[in-house]
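Structure at a glance
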Amino acid sequence: MQTDRKQHGAGGWSPLNSDKYQWLEVDLGGRTQITAVATQGRYGSSDWQTAYQLMFSDSGHNWKQYRWEGHIGAFPGNSNADSVVQHKLRHLVIARFVRLIPLDWNPNGRIGLRLEAYGCLYNSDTANFDGDSSLFFKLSPRPIQTSAGSIYLKFKTMRNSGILLHAEGQNELSFTLELQKGQLLLLLRKGRSLSVDKLHLESLGSLLDDQHWHLAAVEHHSSNLNLTVDKNTKWVAIPPWFTHWDYDQMTVGAVQNRSSRNSNRNFHGCLENLVYNGLNLIELAKQKDQRVTVMGNVTFSCSEPVYVAVTFTGPQSSLRLPGATELHLAGTSVELQFRTWEKEGLLLTFDLPKREGTVWLHLKEATVYLQIHTADRAPLELKAGSALNDGQWHSVGLKSGQEDLTITVDGTTGASASPAYLITPGGQLFFGGCPAVGNSHECRNPFKAFQGCMRLLTVKEQLVDLIKVQQRLMGDYSNLQTDMCGIIDRCSPSHCEHGGSCTQSWSTFRCNCSSTGYSGATCHSSIYEQSCEAYKHRGNTSGYYYIDVDGSGPINPQLIFCNITEDKTWTVIQHNNTELTKIQPSIERNQHFEYTVNEEQLLAIISQSEYCEQELTYHCRKSRLLNTPDGAPLSWWVGGPGVGQRQTYWGGALPGSQQCACSLQENCVDHKHHCNCDAEHTAWVNDSGLLTHKESLPVRSLVLGDVQKPGSESSYMVGPLRCYGDNSVWDSAFFDKETSYLHFPTFHGELSADISLLFKTTSSSGVLLENLGIRDFIRLELSSSTEVLFSFDVGNGPLEVRVKAGVPLNDNRWHRIQAERNVREASLRLDELPAATMESPADGHIHLQLNSQLFVGGTASRQKGFRGCIRSLRLNGITLDLEKRAKVTPGVQAGCPGHCSTYGALCQNQGRCVEKTKSFSCDCSSSAYTGAFCDKDVSVSFKPETSIRYIFKEKLVNESNRRSSSPSSPIMPNMNLRAETISLSFRTSQIPALLLYVVSNRREYLVLLLNKQEQLEVRYRLESSKEEEILRSKVRNLADRQLHSVSVSRLANSVTIQVDQHNRENFNLTSGVEFNDISSLILGRFHNSPDLDPELAQLGPLGFTGCLSAVLFNSISPLKAALLRPSTSPVVVTGPIIQSSCGSDSANPYAAENTHHQSDQSGSVGGGQPLLNALRSDSALIGGLIAVVIFGIVSALAILARFLHRRKRTCQNQELKKTEDNNGLQFASQTRYGPTENQKEYFI
């Protein structure tokens, strides 16, 4: 009992001084299981404590603070002197001594206390090992071989390393429990080899060398082990060779039974209640059982070495010890041990005699530094050690003599010097830091204060009695905890999720989330979207993206291809063989497919998708597929989750039908069979179709039966898995009343909780989500029209995180909220605004304990409910099915239309947002662009003979190169224009060059061209009886092989021209204002027209050489019509048309065009034979020879055609050359732009 003097009066304990350094200590007489404590104030007084802490000890030293949730627990005390306040401990404590430390008390009185502890005596079997002793157990007869077993024990030690036990059994299997650097290691081994494939190592725990009891347990279950240290359990998947738990001998306290003495790996400390498969081994040893051999001095009681430690808890902590009373000419020595997580901190400082200088011994970058500053001398600096902030005990010593100065770290001399002056304290010694201002005793600390533990302080080879310091009989201290080390390993177990690495300081920890794919204080929240659909809503186009299907859940993100089209967003998952593959008679019948994503990711994508498909194809010649529906099928495939289910239907047919698509379509080659291949035709046929039954996907293997018959040939193809529609993205509900809500099971987010959702509303406030506990709660709400509030309580009092938007949030547009709460901090993010964060209280409660239903869109009180839409609600990566619950809940409607108000801006280049029941799309029909967001330009590389004519009005056209499949052009009424808008981009080196020509049936026209000065000219002729009008831009050098954009708009007689980013140029026409009866628009080459000016007439036959992109005349895009819809659009194409990429920034213009050619190739040869990968075919050599012959013939014809074409063009150029001097237009002799050599030509 820590009292200097008792107060007069009866009925309780009250110390002389009421301050934070007082305590009440109780000896229970023996180790006791303590379950509860109760307190009262001092009888008949105003003395009571209002808050207190508890500490426990087995020996009266080395105290341990009572903690729960890994943090120091403070108990509420009394509110008067008479009432009893009892607290049941959340976990029982086994100790002999109890110490109560008042934290706060009645401000109108003093500390006053009556204390009662509840529990019962604790009995155990204990063994003490001194490092030279061990126990050897021979477990005979040999136990029955079993796949289950267990071992339990408790241990306490002050050494951070040592063997606890080593067991061996049949099949040379062994396991070892060993302490190493304060961690418990479990080593599984087969044989004596150190081979990696015969070793398995796991670790758990930290700081286990604190001389407190720790529980260790290993539980063996058929395929795994549970390794437990104290309250933390680790699930361990055991190697396949570690099959049985059948050990017949065990050594405790040493490596093995005979050569264990004097080994530095032996255990120093105590073991308690060592139980192996229900057998108490220490009890056997105490009974001197014949199966036990005792080696060395093993005693059956636990010795308690006393090492008094002190804890420097914060920046205000310090310890002052008296220095020498007289000058020691022989020098001085100071030694200590410390443990810390901090890289920096003052260990020791003192002044030299007569204050001629100062000595600092401190940590810097986890290295010990000694710095000495003296007047009129250069500073002296020594350093030693490294990585000393690892939480282990380290010793450091400072020793000075008349001629030398050394510092040692962990018993090794780290640095030395020979100063010309004596290093000895001239006064007080200060450890850890300096006292508060006004009581500093001339202490100066330019460094950070030390936070950590110290023990075994020795000054001039005399051990400092820290208990006397605690009793203030020697020296002084402030904010110091004596006779205990309060270090905590905040990284064991680690709160860093998803592989994040944990580092810590004395008071907190940090997670390094780099390369994990997750973010936040604990690496909890995924930085990736959960689906391709979600990426689309961020404006992303087709490409490879990391997909994290469960957000913060355990499934890791993986790289997946997203094919984002105008209509749908496809998730494409490849496997190891998506090519058409010929069946070899010698290969396995069973073909297995391995997918590029893991199993959990694969099944999650299929589950959350609206639709999935996988193409299944079989090409055959005299090779049956399914045979008849009445017999056993010759072939089948396996699909579905896990190992999959056997399926006997083929692509395009119904599940379980044992049929192919042709049977469903009633077009099989033989109506007697349900598959084309079952007819056994000698010609190539195929059975192909899509598998769309999600429960049977993906295809995991394929078994083909009729492949070894003489004369039969076959090949197969299993396409990639393709899915679209993410149900979780569009799952939504509409709450039309403030009293409406949806309820779900309790949200379990004890240590980490993340919430993400989208909402839209016209209301100014409302609770979006709420879940309550007895005291804890979590809530997300729209607190005002411009603010979102995230609040919760985990037992430390309510905390709030707010984000204020600069615009109203009740604008009926979708807004995204992401909230997260973990043991380190809480964060809240709204849309793309910066996240607001709030740190969690240090050493506070960390578990969020909820027990009521989760309310969405309202509260349990039915007040402050939300009116509006909530969509895509995910809690800890799990999507709540709002629509399913809304369908059975009054006042809530399933689904929420209206997406274009939010996502319409994603549609670019005059694309129009189209609403869908779920999702939206961009209509690019009035745009020159294509793609999911009308952002992909349509570009064509033109050759001189290329021509694209778009026909506006019905006209008899007799052109030999017109596609026979093109329908007659539709009649477009009222093609008399008073206004038009033209936009296009081009890249060329040809001058002059005709870019665009629009002609009417009344000899009126509109022309865009580059003149010989490389300027843009716009020529109008809107009255056939008048001359054309030329509008010339001032921008030059447009034939420089760079991409240029042009915009021309006319309203009546007012014309505006803009080139690239230059200023707009305005012009006025003097002729007519109406463009009458326009008939066609032409890009590229056209024949001479008698209606054209003679100068322009010469340009038509030359065509255009270069690249045109994004051509738009009002809402008509001739390039899109020619490339994407040639058979359904009123367009006529002659010559080669090459899809290109005009916008490439490549320095080489020829390499810049990534071309795709229109071709009528069907992809099959030889009467429907599949076109196979040459490497997969036995006929590769023959096919190669045939291909060479065909290629030679085609090449000869191509050379001949090119020769004739060039000859014709030469004649044309010669004719043009003759007229150049007369008409004044000078043509470049050579064009500097054209297709690359590897570009193929297809003449249409």
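Look up: the structure comes first, before these words.
Here is what the cut-offs are and how they apply
- Residues numbered from 1 in each chain as written.
- Predicted model: local features only at pLDDT ≥ 70, side-chain atom pairs only at ≥ 80, totals over all residues.
- Heavy atoms only, no water.
- Helix = DSSP H or I, 4+ residues; strand = E, 2+ residues; numbered from the N terminus.
- Buried < 20%, exposed > 50% of the residue type's maximum accessible area, 1.4 Å probe, protein only.
- Contact = heavy atoms within 4.5 Å.
- Areas by Shrake-Rupley, 256 points an atom, 1.4 Å probe, with all protein chains shown as cover.
- Phe/Tyr/Trp six-rings, centres within 6.5 Å; stacked < 30°, edge-to-face > 60°.
- Disulfide = S-S within 2.5 Å.
- Pairing = 2+ DSSP bridges.
- Axes fitted to C-alpha atoms, helices over the stretch in contact; angles between N-to-C directions.

Let's talk about the overall build of the protein
Regarding its fold elements, the protein presents 11 helices and 88 strands. Every one of the 1244 residues in the protein was classed for burial, and the buried ones make up 52%. Partitioning the contacts of the protein with sequence separation of at least 6, the portion at a separation of at least 24 is 68%. Of the accessible surface of the protein, which amounts to about 56,600 Å², a share of 49% is contributed by carbon and sulfur atoms.

Some words on the packing of aromatic side chains
Aromatic ring pairs are described here by two measures, namely the spacing of the ring centres and the angle between the planes. The full count for this structure, using the stated rule, is 28 aromatic pairs. When the ring of F593 is compared with that of Y716, the centres are 6.4 Å apart and the planes differ by 70°; the resulting orientation is edge-to-face. Of the two residues, F593 is situated in the loop between β46 (590-592) and α4 (599-608) and Y716 in strand β52 (residues 713-718); the sequence distance between them amounts to 123 residues. Y716 sits in the buried class, given a relative accessible area of 3%. An angle of 45° between the planes, with centres 5.5 Å apart, marks the rings of F790 and F792 as tilted. The exposure classification of F790 matches that of F792, with both residues buried.

Examining the state of the cysteines
Overall, the coordinates contain 16 disulfides when judged by the stated rule. What pairs with C532 in a disulfide is C562, and their sulfur atoms sit 2.0 Å apart. Its S-S torsion of about -75° marks the bond between C532 and C562 as left-handed, since a negative value means left-handed. With a gap of 30 residues between them, C532 in helix α3 (residues 532-536) and C562 in strand β43 (residues 558-564) connect regions that are remote in the sequence.

Comments concerning the pairing of strand β57 (residues 766-772)
For β57, the tally of buried residues reaches six of seven residues, placing the bulk of the element in the interior. Here six bridges tie β57 to strand β58 (residues 777-784), and the two strands are oriented antiparallel to one another. In the sheet register, E770 faces β58, and the bridge partner there is R779. Pairing of β57 with strand β64 (residues 854-856) involves three bridges; the strand directions are antiparallel. When the sheet's bridge partners are listed, N771 is paired in β64 with L854.

Some thoughts on the environment of A928
Inspection of the secondary structure assignment puts A928 in the loop between β69 (920-923) and β70 (929-930). Expressed as a C-alpha distance, the spacing of A928 and N909, which sit 19 residues apart in the sequence, is 7.5 Å. Other than its neighbours up to four places away in sequence, A928 contacts V938, A1110, V1111, L1112, S1117 and K1120.

Some details on the environment of Y545
Considering the arrangement of structural elements, one finds Y545 in strand β42 (residues 543-547). Separated by 12 residues in sequence, Y545 and P557 have C-alpha atoms that sit 9.5 Å apart. With sequence-adjacent residues up to four places away left out, Y545 is seen in contact with Y535, N540, Q558, L559, I560 and C562.

Some details on the sheet that holds strand β14 (residues 183-190)
The strand order β15-β14-β13-β12-β19-β10-β22 describes an open sheet built from seven strands, whose pairing is antiparallel. Each of the sheet's edge strands pairs with one partner strand only, and the pair in question is β15 (199-204) and β22 (292-295). Here the strands of the sheet are splayed against their neighbours by 15° on average, with no regard to which way each runs. Where β14 and β15 come together, six bridges link them in antiparallel fashion. Paired with L186 across the bridge in β15 is E202.

As for the sheet that holds strand β48 (residues 636-639)
Pairing between the strands of a sheet is mediated by backbone hydrogen bonds and can be parallel or antiparallel. Taken together, the four strands give an open sheet; going across it, the order is β46-β51-β48-β49, and neighbouring strands pair in antiparallel fashion. Looking along the sheet, the strands with just one partner apiece sit at the ends: β46 and β49 (645-647). Recorded for the sheet is a direction-independent mean angle of 25° between the axes of neighbouring strands.

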